[in-house]
Amino acid sequence: MNIPSNLKYTKDHEWVLIEGDVATVGITDFAQKELGDIVYVEVETLDQTLDKDEVFGTVEAVKTVSDLFLPLSGEIIEFNDELESNPEDVNADPYGKGWMVKIKIVNPTEVEELLSSDTYRQLIGA
């Protein structure tokens, strides 16, 4: 199970890379394995400002559709357009080519509420 230590995590199985006031978000290796083959990623909240834990999109696998929850309050400034034609990138490279959105963080104190790699590892029993 790949759980990079340089990332932060959520209980909803999303990873967060913080770079200044921008956060890149995707789903974890654990989440993509649980979902199975991902066939579609939908994000209709580009250029919107949402609160932490609001739904910013959905990920569709062969057998299920799951909501994607925003790990930090902020404006969604970028969507990974490559996922429209290559949703399987989320399965093949969840921490690289499979990233989903970039957020301009509006409340930096929320970063402290994210999970460390060790805490996330304990959460999933890895």
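Here the structure is shown first, and the text comes after it.
Residues numbered from 1 in each chain as written. Predicted model: local features only at pLDDT ≥ 70, side-chain atom pairs only at ≥ 80, totals over all residues. Heavy atoms only, no water.

Novice: Any chance you could break down the packing of aromatic side chains for me, citing the residues and the numbers?
Specialist: A full pass over the atoms with the stated rule returns two aromatic pairs. Consider the rings of Tyr 9 and Tyr 120, whose centres lie 4.9 Å apart with planes at 10°: the pair is stacked. With Tyr 9 in strand S1 (residues 8-9) and Tyr 120 in helix H4 (residues 117-124), the pair connects residues that are 111 residues apart, well separated along the chain. Each member of the pair, Tyr 9 as well as Tyr 120, is classed as buried. Here the aromatic rings of Trp 15 and Tyr 95 are separated by 5.9 Å at their centres, their planes lie at 55°, and the arrangement is tilted. Here the residue Trp 15 occupies a position in strand S2 (residues 14-19), and Tyr 95 occupies one in the loop between helix H3 (89-92) and strand S9 (101-105), the gap between them amounting to 80 residues. In this pair, the class of Trp 15 matches that of Tyr 95, namely buried. For Lys 102, the ring lying beneath its charged end belongs to Trp 99, and the centroid distance is 5.2 Å. (Phe/Tyr/Trp six-rings, centres within 6.5 Å; stacked < 30°, edge-to-face > 60°. Helix = DSSP H or I, 4+ residues; strand = E, 2+ residues; numbered from the N terminus. Buried < 20%, exposed > 50% of the residue type's maximum accessible area, 1.4 Å probe, protein only. Lys NZ or Arg CZ within 6 Å of the ring centre and 35° of its normal.)

Novice: Give me the lowdown on the side chain of Thr 58, citing residues and values where you can.
Specialist: Tracing the backbone through its elements, the reader meets Thr 58 in strand S6 (residues 55-61). Ignoring anything within four residues of it in the chain, the contact list for Thr 58 reads Tyr 40, Val 41, Glu 42, Val 65, Ser 66, Asp 67 and Leu 68. (Contact = heavy atoms within 4.5 Å.)

Novice: Can you break down unusual backbone geometry residue by residue, with the values?
Specialist: Positive phi outside glycine occurs at His 13, with the angle close to 70°. Note on placement: His 13 falls in the loop between S1 and S2. Positive phi outside glycine occurs at Asp 53, with the angle close to 75°.

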